[in-house]
Amino acid sequence: MLQNKKGGKILVVSSGTELVEMVKRAVDGNPEIIHATTMQQGLDMARKELPEIIALGYLEPRGAAFELHRRLREGWITKNIPLLIVDINPKDPAKRALSIEEGMQMEADEYISLVGDERNAVTQLAEPIARLKEKLQDRLQLRVNTLKEAILNPDVFAVTWEQIPGRGAFEMQQEELIENAQRAARRGKIHAMSVTDNPGGNPAISTEILCTEVKKLGIEPLVHMAFRDKNRNQCESLLYGLAALGVRNVLMLTGDYPATSSFNSRPKPVFDLDSVQGLQLVEKMNQGMEYEAQGKKTTLAPTDFFAGAAVSPFKAVEAELMGQYFKLKKKIEAGAKFIITQVGYDARKYHEVLTWLKVHNYNVPVFVNIYLLPYGAARVMNTGQIPGCVVTDKLLTKLDEERNAKDKGRQTRLDRAAKMYAIAKGMGYAGAHIGGHGATYEMVDYIITKGEELTPKWQEFLPEFDLPQKDGFYFFEKDEKTGLNTNKPAARTAKAAHPPVYLLSRAAHATLFNPDSVVFKSLKPIAKSIDGTHTPKHIFEGIEHLGKVVLFDCQNCGDCGLFDVAFLCPISQCPKNQRNGPCGGSLDGWCEVYPKERKCIWVRAYDRLKGHGEEESIGEYIVPPNNWEFLHTSSWLNFYLGRDHSAVRLGIKPPEPKKKKAKEAPKAETASGEKKPAPKAEKPAASEKTTAPKAEPTVKKAPSAEKPAPKAPPKTS
């Protein structure tokens, strides 16, 4: 039976109620029937209610039914809704839904002409309705997000297969990707095809385009959306396009830094949003995005995205690892519905992610990242050339030995991946994200089949994945019995940093930028006064910028992030402009883009904050994306006057606008041209009644000279 829920409806459009009653009897009360009596009402309801079937009968005036049929077939929202046209009185040309000429041009899915008595008519109607109900079931099934259902079902171990698109439109790499999707759709073991977004920062065919093609093949796509190349407008545009085409699963990622292989060398990185802010965007869209244009608020139709994020637990440095978990906290709070780990081969780290979620009461499903690892790829990962992916020296030595086998280590690689599958399922992961260059469907099928077979004895394989990084930090203390983790956090022994510029910045913040300080309160009116000038304001901006360039390499964005990153600028000092925590690309504390040259600013921020016991503050609140409206303006004035994101977070309100004084009444002119004050209206004596007598019908009362002036409009900051 069809479910009576939103989306499971039949819309009947007819001027009378006869067709409505027939359809109700034909479907036996399921699904829900809704009725429109005019062409415009039918069109509006079709667009708003999104019924699964539209039954169109006779409409007044003549020709309205055909016009509605045409508009439904051409409409962006309605063109794919199954349409049944019904003639109840075919012998009466005046009451036919369509004329003969219109019928020749009809593009409906079904047409039926009812003849005989009402009982026979209902019987005749049942057959085409049944055919359309089959289409309805298909449509409802298409609306089911099978990946989402698999991930959220505790009895299903979901599998996604990562595909890496190539550069160009008509290359074999694209052909192989589509062929892989076809095989996966036919076999039914894989729940989604995951398509990367410009992997490695190199240009490739659009993941959004490929994923819409994958969707047509009958398998769910998982779109990787990297913020390296897109500003927030483009992200919103792409997401709405995906929603319209039924692609709903997205993985929100920072993205690798742009590579030099692009057209005419390295492109300009964007990073307008980070993964946390991208998840917030998706949540807003799912709730129905509200925006204001020309003074009118509009709420868009809600989307149905199922968004996930990544985490990289394979970090050796305390500050790096803590930063990953602080940011994971923000990702979950921003709306991440599932998590995928980065590539690594340390079983204790797999377990660490699950333990962290459990200790912090986060019920979010996690995928283990299983990468089929040949020696060549392992050697590149071992040297840190693929950001975030970790292969230790011990594992690299193993792979070097294995490649001497007759099959170059192929079978050993497959068995290792199957054991990772078994370990992850045994630990309590929700699924596996399987990838690797050159991986065929047969390889993935082997990993799944063998992994299921090995799962009952998963703990036996843990010693093979005892592959810690040298002096690597773990969030929890080790469980010596299992080789995994206890629930007790490990001691954090990293040394704090106390650079003079940080100590100076803290002192300045405590006095000049603390909303509760006397200095702040006394300077606020001065800031307002400067803000209302031209030349003094520009002089002030120049002095501020010069000082901040010397101390912080300020880029004059106007929406300062120094408060959020322990007085390190995320615009000038982080190549990816990360405002909510580190990306996953750092290695041994070094920035992904400047290895061995610059420390990751979030590692530096953690070390600074730790000296004051404030390192947990990194995960306390989500920082919004930069407001570029403030570019090249004074961030100090924006803060004092309640405009930037820090001021909003701290509750600093813009100063109240001054009210203009009421103007004096104009003086009356004498005959000689001299002006004299207008006579004041006399006040009634205390003993007199204050109510004015009724005026004579033909006499108008003069306005009082003391009528207050209209209030001045408020000033805008």
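Residues numbered from 1 in each chain as written. Predicted model: local features only at pLDDT ≥ 70, side-chain atom pairs only at ≥ 80, totals over all residues. Heavy atoms only, no water.

Thoughts on the overall build of the chain
Just so we agree on the cut-off: A run of DSSP states H or I qualifies as a helix once it reaches four residues; a run of E qualifies as a strand once it reaches two. Both are numbered from the N-terminal end. Here the term buried applies to any residue with accessible area under 20% of the maximum for its type, exposed to any over 50%, and partly exposed to those in between, with areas from a 1.4 Å probe on protein chains only. Here the accessible surface of atoms and residues is derived via Shrake-Rupley with a 1.4 Å probe, and residues count as covered only by protein chains that are part of the display.
Looking only at helices and strands, the chain has 22 helices and 19 strands in total. For the chain, buried positions account for 47% of its 717 residues. In the structure as shown, the chain presents an accessible area of about 37200 Å², 53% of it carried by carbon and sulfur atoms.

Considering the packing of aromatic side chains
Defined as follows: Any two rings among Phe, Tyr and Trp, with Trp reduced to its six-membered ring, count as a pair given centres within 6.5 Å; such a pair is stacked if its planes are under 30 degrees apart, edge-to-face if over 60, and tilted if neither. By the criterion adopted, a ring carries a charge over it if an Arg CZ or a Lys NZ lies within 6 Å of its centre and within 35 degrees of its normal.
All told, the structure shown has 21 aromatic pairs when counted by the stated rule. Ring centres of F314 and Y350 lie 6.2 Å apart, and the angle between their planes is 85°; on these two criteria the pair is classed as edge-to-face. Taken together, the positions of F314 in the loop between β12 (306–311) and α11 (318–334) and Y350 in helix α12 (residues 347–359) put the pair 36 residues apart, joining distant regions of the chain. We classify F314 as buried; its relative accessible area is 3%. Both rings, one in F540 and one in W636, keep their centres 6.0 Å apart while their planes meet at 70°; by these two values the pair is edge-to-face. Taken together, the positions of F540 in helix α19 (residues 535–552) and W636 in helix α21 (residues 635–640) put the pair 96 residues apart, joining distant regions of the chain. You can call F540 partly exposed: its relative accessible area is 24%. Among the aromatic side chains, those forming a connected cluster through ring pairs are Y502, F513, F520, F540, F563, F567, W636, F639 and Y640. Over the aromatic face of Y474 sits the side chain of K349, whose NZ or CZ is 4.5 Å from the ring centroid. The ring of Y375 carries the charged tip of R403 above its face, separated from the ring centre by 3.9 Å.

Overview of the nonpolar core
Note the cut-off: For our purposes a nonpolar core is just a set of buried Ala, Val, Leu, Ile, Met, Phe, Trp, Tyr and Cys residues, chained together by side-chain atoms within 4.5 Å. In what follows, residue pairs with any heavy atoms lying within 4.5 Å of each other are defined as contacts.
In terms of nonpolar packing, the biggest core is built from 118 residues, with I190, Y345, Y350, W356, L373, M427 and Y429 touching the most fellow members. Looking at this core, the element that brings in the most residues is helix α15 (residues 410–427), giving nine residues. Look past the residues within four positions of Y429 in its chain and what remains in contact with it is F157, T341, Y350, H351, V353, L354, V366, F367, V368 and A424. Counting 21 residues, the second-largest nonpolar core is a separate cluster that includes I34, L56, L59 and A108.

Looking at the sheet that holds strand β8 (residues 220–226)
This is how the line gets drawn: Two strands make a pair as long as DSSP finds a minimum of two bridges between them. Fitting a line to C-alpha atoms yields each axis, with helices limited to the stretch in contact; the angle taken between N-to-C directions then spans 0 to 180 degrees.
Taken in spatial order, the eight strands close into a barrel running β6-β7-β8-β9-β12-β13-β14-β15, and their pairing is parallel. In this sheet, neighbouring strand axes are inclined to one another by 25° on average, regardless of whether the strands run parallel or antiparallel. Pairing geometry for β12 and strand β13 (residues 338–341), over four bridges, is parallel. When the sheet's bridge partners are listed, V311 is paired in β13 with T341.

What to know about the confidence of the model for the chain
Put simply, the rule is: One confidence number per residue, pLDDT, is output by the predictor and ranges from 0 to 100.
Per-residue confidence for the chain averages 88 on the pLDDT scale, and 87% of its residues sit at or above 70. The low-confidence segment residues 1–7, where pLDDT is below 50, has 18 contacts with residues more than four positions distant or belonging to other chains. Here residues 678–717 scores under 50 on pLDDT; set against residues more than four positions off or in separate chains, the count is 18 contacts.

Considerations on the pairing of strand β17 (residues 485–489)
Bridge count between strand β16 (residues 476–478) and β17: two bridges; the pairing is antiparallel. Across the sheet, the residue bridging to K478 is N485, located in β17. In this structure, the hairpin formed by β16 and β17 is closed by a connection of six residues, where G483 is found at a positive phi of approximately 85°.

Quick look at the environment of D564
Assignment of secondary structure puts D564 in the loop between α19 and α20 (601–610). Since its relative accessible area comes to 9%, D564 is described here as buried. Sequence-wise, D564 and I618 are 54 residues apart; in three dimensions their C-alpha atoms are separated by 7.6 Å. Setting aside its immediate chain neighbours within four residues, D564 contacts W602, Y621, V623, H645, S646 and R649.

A word on the state of the cysteines
Disulfide: a covalent bond formed between the sulfur atoms of two cysteine residues. Definition in use: Disulfides are defined in this document as cysteine sulfur pairs within 2.5 Å.
This structure, assessed with the given rule, holds zero disulfides. As a non-bridged cysteine, C600 has C583 as the owner of its nearest cysteine sulfur, 6.5 Å distant.

Quick notes on α11
Let me state the cut-off plainly: One less than the number of residues in a helix, times 1.5 Å, gives the span that helix is expected to have.
Its 17 residues place the ends of α11 24 Å apart at the C-alpha level, agreeing with the 24 Å of an ideal helix rising 1.5 Å per residue. Counted residue by residue, α11 has 15 buried out of 17 residues, so it is predominantly covered. Directly after α11, the chain includes G335, whose backbone phi takes a positive value near 125°.

Looking at empty space enclosed by the protein
Our working rule: Every definition here rests on a 1 Å grid over the protein atoms only: cavities are sets of points where a 1.4 Å probe fits but cannot get out, pockets are open sets enclosed by protein on both sides within 12 Å along at least five of seven lines, and lining residues have some atom within 4 Å of a point. Grid points are joined across faces, edges and corners, and a volume is the space filled by probe spheres set on the points. Gly is placed with the polar residues, together with every amino acid not listed as nonpolar (Ala, Val, Leu, Ile, Met, Phe, Trp, Tyr, Cys and Pro) or charged (Asp, Glu, Lys and Arg).
Evaluated as defined, the whole model comprises four cavities of 30 Å³ or more. Reported here for the largest cavity is a volume of approximately 150 Å³. Around the largest cavity, the lining comprises 17 residues; the ones closest to its centre are C574, P575, C583, C591 and C600. Tallied by class, residues from the lining of the largest cavity come to ten nonpolar, three polar and four charged. Size it by volume and the second largest cavity reaches roughly 110 Å³.

Quick notes on the environment of P489
Secondary-structure assignment places P489 in strand β17. Given the relative accessible area of 43%, P489 is considered partly exposed. Apart from residues no more than four positions distant in its own chain, P489 is found in contact with F475, F476 and E477.

So, helix α14 (residues 393–402)
The line we're drawing: The arc in question is the one spanned by the directions pointing from the helix axis to the C-beta atoms.
Regarding α14, the residues found buried are L395, L396, L399 and E402. Viewed end-on, α14 has its buried residues packed into an arc of 120°, placing them on one side of the element. Summarising the geometry of α14, the exposed residues directed more than 90 degrees from the buried face are D393 and E401. Buried residues belonging to α14 abut α13 (375–382) and α15.

Quick look at the packing of α15 against helix α16 (residues 441–454)
We apply this condition: Any angle that is under 35 degrees is reported as roughly parallel, and any over 145 degrees as roughly antiparallel; angles of 65 to 115 degrees are reported as roughly perpendicular and all others as oblique. Take the far helix as your reference; a near helix turned counterclockwise from it by less than a right angle gives a left-handed crossing, and one turned clockwise gives a right-handed crossing.
Running from N to C, α15 and α16 point in directions that differ by 50°, and their axes come no closer than 8 Å. It follows that α15 is oblique to α16 by the angle criterion. Crossing hand, α15 versus α16: right-handed. On the side of α15, the interface is formed by R410, Q411, L414, D415, A417, A418, K419, Y421, A422 and K425, while α16 contributes M443, Y446, I447, I448, K450, G451, E452 and L454. Partitioned by chemical class, the residues of the contact of α15 with α16 number ten nonpolar, two polar and six charged.

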